[in-house]
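A closer look at the structure
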Amino acid sequence: MRIFPIASRTSACDDESMTAYVISEVEIIDQTAAAQYRALAAKSIATYGGRYLIRAANPEVPEGRWPEEQRVVVVEFPTMERIHEWYHSAEYARALTIRGDALERRLLFVEGV
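Residues numbered from 1 in each chain as written. Predicted model: local features only at pLDDT ≥ 70, side-chain atom pairs only at ≥ 80, totals over all residues. Heavy atoms only, no water.

1. Quick word on the packing of aromatic side chains
Counted under the stated rule, the structure contains six aromatic pairs. Aromatic pair Trp-86 and Tyr-87: ring centres 6.0 Å apart, planes at 65°, arrangement edge-to-face. A relative accessible area of 3% means that Trp-86 is categorised as buried. Consider the rings of Tyr-87 and Phe-109, whose centres lie 5.6 Å apart with planes at 75°: the pair is edge-to-face. Here the residue Tyr-87 occupies a position in helix α2 (residues 80-87), and Phe-109 occupies one in strand β6 (residues 103-111), the gap between them amounting to 22 residues. You can call Phe-109 partly exposed: its relative accessible area is 27%. Members of the aromatic cluster, connected to one another through ring pairs, are Tyr-37, Phe-77, Trp-86, Tyr-87, Tyr-92 and Phe-109. Here Arg-55 stacks its cationic end above the ring of Tyr-52, 4.1 Å away from the centre of that ring. (Phe/Tyr/Trp six-rings, centres within 6.5 Å; stacked < 30°, edge-to-face > 60°. Buried < 20%, exposed > 50% of the residue type's maximum accessible area, 1.4 Å probe, protein only. Helix = DSSP H or I, 4+ residues; strand = E, 2+ residues; numbered from the N terminus. Lys NZ or Arg CZ within 6 Å of the ring centre and 35° of its normal.)

Here it is, written out as structure tokens:
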């Protein structure tokens, strides 16, 4: 799979910090559980300064293979440190308890370059 870099920006609070992204390849297993997961995840993402850039998009695939049922999610955070704080937070832990029943995914953390 080829991923093209997203233009990076520095954080307003730290000139040395680089914007970072969470990229998910997602397949829904249970719609009801997925809705609960999305609500909890969205709230926790906002708490840690993240924002959705792409949410559950069905990508166009000009090369390679992509399972039709998979979707793409991209979330922007001010820094990689904030991603780690969010991912290991008590707020997101609640969403993670539902995630296994809700969806399968590949999760990537990437700094903007």
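2. Here's the deal with unusual backbone geometry
Backbone geometry places Ala-56, a non-glycine residue, at a positive phi of 60°. The topology assignment puts Ala-56 in strand β4 (residues 51-57).

3. A look at the environment of Leu-96
Checked against the element boundaries, Leu-96 lands in helix α3 (residues 90-102). Assessed through its relative accessible area of 29%, Leu-96 is described here as partly exposed. Separated by 59 residues in the primary sequence, Leu-96 and Tyr-37 place their C-alpha atoms 7.5 Å from one another. Ignoring sequence-local partners within four residues, the contact set of Leu-96 consists of Tyr-87 and Arg-105. (Contact = heavy atoms within 4.5 Å.)

4. Points about helix α1 (residues 31-47)
Under the 1.5 Å per step criterion, the end-to-end length of α1 is 24 Å for 17 residues, consistent within 8% with the ideal 24 Å. Where α1 is buried, its residues touch β3 (20-28), β4, β5 (71-77), α2, α3 and β6. With its phi angle positive at about 85°, Gly-49 sits one or two positions after the end of α1. (Expected span 1.5 Å × (residues − 1).)

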